[in-house]
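Chain residues, written in single-letter form:
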Amino acid sequence: MQSASSEASTSSTTSAADHVSSTPSTSASSSRSFSTDPKTRIVAAMILSRPPRQMSPLTNFEREYYKYARKVNRALGDRFNPDWYFRKGSQAEQAFKDLTEGKELLTYPSAEEVTETAEDKDLHNLERRKDRTLYLLAKKKRSQHVWQFPQGGVENRETLSQAAIRELLEEFGSDLDVWQTGKIPAAFYGYDLPKATSEGHTRTKVFYMPARIMRGTPRPNKEEGLEDYAWCTREEVHEKIQNEAYWNAVRPVLSH
(Lines give C-alpha, C1' and ligand atoms only; values in the text may rest on other atoms or scores of the structure.)
Protein backbone atom coordinates (compact mmCIF):
# COMPACT_ATOMS: atom_id res chain seq x y z
CA MET A 1 0.00 0.00 0.00
CA GLN A 2 1.45 3.30 -1.09
CA SER A 3 0.12 6.49 0.50
CA ALA A 4 -1.52 9.06 -1.73
CA SER A 5 0.21 11.94 0.01
CA SER A 6 3.64 10.64 -0.97
CA GLU A 7 2.61 11.17 -4.58
CA ALA A 8 1.48 14.76 -4.00
CA SER A 9 3.43 17.70 -5.34
CA THR A 10 3.05 21.41 -5.41
CA SER A 11 2.09 21.34 -9.08
CA SER A 12 0.32 24.49 -10.18
CA THR A 13 -1.81 22.53 -12.63
CA THR A 14 -4.15 21.26 -9.92
CA SER A 15 -7.63 22.66 -10.26
CA ALA A 16 -8.71 25.02 -7.47
CA ALA A 17 -12.07 23.27 -7.30
CA ASP A 18 -10.33 20.05 -6.25
CA HIS A 19 -9.02 21.77 -3.12
CA VAL A 20 -12.46 22.65 -1.85
CA SER A 21 -13.99 20.42 0.83
CA SER A 22 -17.31 19.06 -0.31
CA THR A 23 -19.76 16.20 -0.04
CA PRO A 24 -20.00 14.43 -3.39
CA SER A 25 -23.48 14.29 -4.84
CA THR A 26 -22.89 10.85 -6.34
CA SER A 27 -23.44 7.65 -4.41
CA ALA A 28 -20.73 6.41 -2.04
CA SER A 29 -21.71 2.77 -2.53
CA SER A 30 -18.80 1.99 -4.82
CA SER A 31 -15.47 3.56 -5.70
CA ARG A 32 -16.44 3.25 -9.38
CA SER A 33 -19.19 5.81 -8.73
CA PHE A 34 -16.62 8.55 -8.27
CA SER A 35 -14.46 7.96 -11.31
CA THR A 36 -14.54 5.82 -14.43
CA ASP A 37 -11.19 7.23 -15.55
CA PRO A 38 -8.57 4.45 -15.36
CA LYS A 39 -5.90 7.13 -14.91
CA THR A 40 -7.41 8.30 -11.62
CA ARG A 41 -6.46 6.58 -8.36
CA ILE A 42 -9.24 6.51 -5.74
CA VAL A 43 -8.09 6.81 -2.12
CA ALA A 44 -10.17 6.41 1.05
CA ALA A 45 -9.04 8.28 4.17
CA MET A 46 -10.45 8.24 7.68
CA ILE A 47 -10.95 11.29 9.88
CA LEU A 48 -11.00 9.47 13.22
CA SER A 49 -11.98 11.76 16.08
CA ARG A 50 -12.52 11.74 19.82
CA PRO A 51 -15.19 14.19 21.01
CA PRO A 52 -14.64 16.45 24.05
CA ARG A 53 -14.96 14.77 27.44
CA GLN A 54 -15.82 17.95 29.34
CA MET A 55 -16.97 21.53 28.85
CA SER A 56 -14.38 24.00 27.64
CA PRO A 57 -13.15 26.47 30.30
CA LEU A 58 -15.15 29.70 30.47
CA THR A 59 -13.57 33.04 29.71
CA ASN A 60 -13.71 35.67 32.45
CA PHE A 61 -16.44 37.47 30.53
CA GLU A 62 -18.53 34.28 30.29
CA ARG A 63 -18.12 33.57 34.00
CA GLU A 64 -19.24 37.06 34.99
CA TYR A 65 -22.17 36.93 32.58
CA TYR A 66 -23.53 33.64 33.96
CA LYS A 67 -22.97 34.83 37.51
CA TYR A 68 -24.98 37.98 36.80
CA ALA A 69 -27.73 35.98 35.05
CA ARG A 70 -28.11 33.73 38.09
CA LYS A 71 -28.45 36.75 40.37
CA VAL A 72 -31.14 38.22 38.13
CA ASN A 73 -33.07 34.95 38.07
CA ARG A 74 -32.94 34.70 41.85
CA ALA A 75 -34.11 38.29 42.25
CA LEU A 76 -37.06 37.73 39.92
CA GLY A 77 -38.01 34.39 41.42
CA ASP A 78 -40.99 33.96 43.74
CA ARG A 79 -40.15 34.38 47.41
CA PHE A 80 -41.31 31.76 49.85
CA ASN A 81 -40.79 30.84 53.48
CA PRO A 82 -37.88 28.35 53.65
CA ASP A 83 -39.12 27.09 57.03
CA TRP A 84 -41.77 25.10 55.16
CA TYR A 85 -39.14 23.27 53.13
CA PHE A 86 -35.95 23.04 55.21
CA ARG A 87 -35.28 21.85 58.71
CA LYS A 88 -33.62 24.48 60.90
CA GLY A 89 -29.83 24.19 60.87
CA SER A 90 -29.82 21.56 58.11
CA GLN A 91 -27.32 21.45 55.28
CA ALA A 92 -30.13 21.98 52.78
CA GLU A 93 -31.18 25.19 54.55
CA GLN A 94 -27.62 26.50 54.51
CA ALA A 95 -27.26 25.69 50.81
CA PHE A 96 -30.47 27.59 50.08
CA LYS A 97 -29.21 30.60 52.04
CA ASP A 98 -25.93 30.53 50.14
CA LEU A 99 -27.81 30.63 46.86
CA THR A 100 -30.15 33.45 47.88
CA GLU A 101 -27.21 35.48 49.20
CA GLY A 102 -25.38 35.17 45.89
CA LYS A 103 -22.66 32.77 47.01
CA GLU A 104 -21.32 30.39 44.36
CA LEU A 105 -21.49 26.74 45.37
CA LEU A 106 -19.72 25.63 42.18
CA THR A 107 -16.70 27.33 40.72
CA TYR A 108 -15.32 26.72 37.25
CA PRO A 109 -11.75 27.52 36.21
CA SER A 110 -11.49 30.21 33.58
CA ALA A 111 -9.57 29.73 30.34
CA GLU A 112 -6.87 31.99 31.75
CA GLU A 113 -6.50 29.81 34.86
CA VAL A 114 -6.17 26.47 33.07
CA THR A 115 -2.59 25.25 32.70
CA GLU A 116 -1.34 22.49 30.42
CA THR A 117 -0.61 19.27 32.28
CA ALA A 118 1.83 16.48 31.47
CA GLU A 119 -1.13 14.43 30.24
CA ASP A 120 -2.08 17.23 27.82
CA LYS A 121 1.43 17.26 26.35
CA ASP A 122 1.42 13.52 25.60
CA LEU A 123 0.25 13.25 21.99
CA HIS A 124 -0.21 9.47 22.39
CA ASN A 125 -2.73 9.91 25.21
CA LEU A 126 -6.35 9.66 24.10
CA GLU A 127 -7.39 11.43 27.32
CA ARG A 128 -5.37 14.59 26.68
CA ARG A 129 -7.14 17.92 26.14
CA LYS A 130 -10.48 16.68 27.43
CA ASP A 131 -12.12 19.98 26.48
CA ARG A 132 -11.25 19.63 22.78
CA THR A 133 -11.98 17.33 19.85
CA LEU A 134 -8.93 15.22 18.94
CA TYR A 135 -8.02 13.69 15.57
CA LEU A 136 -5.74 10.76 14.78
CA LEU A 137 -2.80 11.59 12.51
CA ALA A 138 -0.33 9.06 11.10
CA LYS A 139 3.36 9.82 10.69
CA LYS A 140 4.88 8.28 7.56
CA LYS A 141 8.53 7.41 7.12
CA ARG A 142 9.50 9.88 4.41
CA SER A 143 10.92 13.37 3.95
CA GLN A 144 7.79 15.22 2.73
CA HIS A 145 4.14 15.21 3.76
CA VAL A 146 5.08 13.27 6.87
CA TRP A 147 1.78 13.66 8.73
CA GLN A 148 -1.61 12.76 7.31
CA PHE A 149 -4.89 11.06 8.15
CA PRO A 150 -4.87 7.25 7.79
CA GLN A 151 -5.54 6.51 4.13
CA GLY A 152 -4.91 4.18 1.22
CA GLY A 153 -6.13 3.07 -2.18
CA VAL A 154 -9.54 1.49 -2.70
CA GLU A 155 -9.21 -2.14 -3.78
CA ASN A 156 -11.40 -4.25 -6.09
CA ARG A 157 -15.09 -3.64 -5.38
CA GLU A 158 -14.67 -2.07 -1.94
CA THR A 159 -16.87 0.82 -0.86
CA LEU A 160 -15.15 3.91 0.50
CA SER A 161 -16.26 3.01 4.03
CA GLN A 162 -14.85 -0.50 3.74
CA ALA A 163 -11.56 0.76 2.32
CA ALA A 164 -11.20 3.42 5.01
CA ILE A 165 -11.69 1.00 7.92
CA ARG A 166 -9.42 -1.61 6.30
CA GLU A 167 -6.63 0.93 5.87
CA LEU A 168 -7.02 2.11 9.47
CA LEU A 169 -6.74 -1.43 10.86
CA GLU A 170 -3.83 -2.28 8.54
CA GLU A 171 -1.92 0.79 9.69
CA PHE A 172 -2.80 0.76 13.40
CA GLY A 173 -3.93 -2.76 14.30
CA SER A 174 -7.22 -4.41 15.20
CA ASP A 175 -7.14 -3.13 18.80
CA LEU A 176 -9.10 -0.04 17.76
CA ASP A 177 -12.85 0.00 18.35
CA VAL A 178 -14.26 2.43 15.79
CA TRP A 179 -17.75 3.70 15.01
CA GLN A 180 -18.17 4.99 11.47
CA THR A 181 -20.55 7.95 11.69
CA GLY A 182 -21.40 8.18 8.00
CA LYS A 183 -21.25 6.41 4.66
CA ILE A 184 -20.80 9.63 2.68
CA PRO A 185 -17.40 11.40 2.53
CA ALA A 186 -17.07 14.45 4.75
CA ALA A 187 -14.39 16.03 2.55
CA PHE A 188 -12.62 15.62 -0.76
CA TYR A 189 -9.13 16.43 -2.08
CA GLY A 190 -7.84 15.91 -5.61
CA TYR A 191 -4.49 16.57 -7.20
CA ASP A 192 -2.45 15.80 -10.31
CA LEU A 193 0.64 13.60 -10.03
CA PRO A 194 4.02 14.90 -11.28
CA LYS A 195 4.36 11.74 -13.39
CA ALA A 196 2.38 8.60 -14.11
CA THR A 197 2.64 5.71 -11.65
CA SER A 198 3.45 2.13 -12.61
CA GLU A 199 -0.31 1.48 -12.76
CA GLY A 200 -0.75 4.37 -15.20
CA HIS A 201 -2.36 6.76 -12.71
CA THR A 202 -1.85 10.47 -13.38
CA ARG A 203 -4.30 11.83 -10.82
CA THR A 204 -5.44 11.04 -7.27
CA LYS A 205 -8.78 11.67 -5.58
CA VAL A 206 -8.99 11.33 -1.80
CA PHE A 207 -12.33 10.92 -0.01
CA TYR A 208 -12.38 11.45 3.78
CA MET A 209 -14.75 9.24 5.78
CA PRO A 210 -15.84 10.35 9.30
CA ALA A 211 -15.56 8.05 12.34
CA ARG A 212 -15.34 8.13 16.14
CA ILE A 213 -12.86 6.26 18.33
CA MET A 214 -14.60 4.30 21.08
CA ARG A 215 -11.58 2.66 22.72
CA GLY A 216 -8.20 1.16 21.93
CA THR A 217 -4.60 2.19 21.36
CA PRO A 218 -3.11 2.71 17.87
CA ARG A 219 -0.10 0.50 17.15
CA PRO A 220 1.75 1.84 14.09
CA ASN A 221 2.58 -0.85 11.56
CA LYS A 222 6.16 -0.31 10.39
CA GLU A 223 5.57 -2.59 7.42
CA GLU A 224 3.05 0.00 6.22
CA GLY A 225 5.68 2.73 6.49
CA LEU A 226 4.38 4.22 9.73
CA GLU A 227 6.70 5.72 12.34
CA ASP A 228 4.35 7.29 14.86
CA TYR A 229 0.90 8.67 15.54
CA ALA A 230 -0.62 11.61 17.40
CA TRP A 231 -3.98 12.68 18.82
CA CYS A 232 -4.17 16.31 17.74
CA THR A 233 -6.45 19.28 18.18
CA ARG A 234 -7.55 21.21 15.12
CA GLU A 235 -4.69 23.68 15.48
CA GLU A 236 -2.15 20.90 15.95
CA VAL A 237 -3.40 19.18 12.81
CA HIS A 238 -2.71 22.38 10.89
CA GLU A 239 0.79 22.63 12.38
CA LYS A 240 1.70 19.08 11.36
CA ILE A 241 0.19 18.99 7.87
CA GLN A 242 2.72 20.67 5.57
CA ASN A 243 0.56 20.65 2.45
CA GLU A 244 -1.66 23.75 2.59
CA ALA A 245 -3.99 22.44 -0.12
CA TYR A 246 -4.48 19.25 1.93
CA TRP A 247 -5.27 21.35 5.00
CA ASN A 248 -7.76 23.54 3.11
CA ALA A 249 -9.63 20.41 2.03
CA VAL A 250 -10.15 19.05 5.56
CA ARG A 251 -10.26 22.30 7.55
CA PRO A 252 -14.03 22.92 7.17
CA VAL A 253 -14.94 19.55 8.74
CA LEU A 254 -12.62 19.75 11.76
CA SER A 255 -14.30 21.12 14.87
CA HIS A 256 -12.77 22.86 17.85
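Use the structure listed above.
For clarity, every value in this text was computed on a predicted model and none was experimentally measured.

K.L.:
How should the pattern of salt bridges be read in this particular structure?
P.N.:
Oppositely charged side chains can form a pair if their charged atoms are brought close together. Per the stated rule, a full pass over the model turns up 13 salt bridges. The partner of K88 in a salt bridge is E93, and the shortest N-O contact between them spans 4.0 Å. Residue classification places K88 among the exposed residues on the basis of a relative accessible area of 58%. Ionic pairing is found between E236 and R128, a salt bridge with its closest N-O pair at 2.9 Å. Separated by 108 residues along the polypeptide, E236 in helix α5 (residues 234-240) and R128 in the loop between α3 (118-121) and β2 (134-140) bring together distant segments of the chain. The buried category is assigned to E236, whose relative accessible area is 17%. One salt-bridge network, in which partners are shared between bridges, spans E155, E158, R166, E167 and E170.

K.L.:
Mind showing me how you'd approach a nonpolar patch on the surface here?
P.N.:
Taken together, the side chains of F61, Y65 and Y66 make up a nonpolar region of the molecular surface, amounting to roughly 390 Å² of accessible area. Residue class for Y66 comes out partly exposed when judged on its relative accessible area of 41%.

K.L.:
How should I be thinking about the environment of E116 in this particular structure?
P.N.:
Of note, E116 is situated in the loop between α2 (91-100) and α3. Residues E116 and R129, 13 residues apart in the sequence, show an inter-C-alpha distance of 8.5 Å.

Rules behind the numbers
Residues numbered from 1 in each chain as written. Predicted model: local features only at pLDDT ≥ 70, side-chain atom pairs only at ≥ 80, totals over all residues. Heavy atoms only, no water. Salt bridge = Lys/Arg side-chain N within 4 Å of Asp/Glu carboxyl O. Buried < 20%, exposed > 50% of the residue type's maximum accessible area, 1.4 Å probe, protein only. Helix = DSSP H or I, 4+ residues; strand = E, 2+ residues; numbered from the N terminus. Patch = residues over 30% accessible without salt bridge, like charges linked within 9 Å, V, L, I, M, F, W, Y side chains within 5 Å. Areas by Shrake-Rupley, 256 points an atom, 1.4 Å probe, with all protein chains shown as cover.

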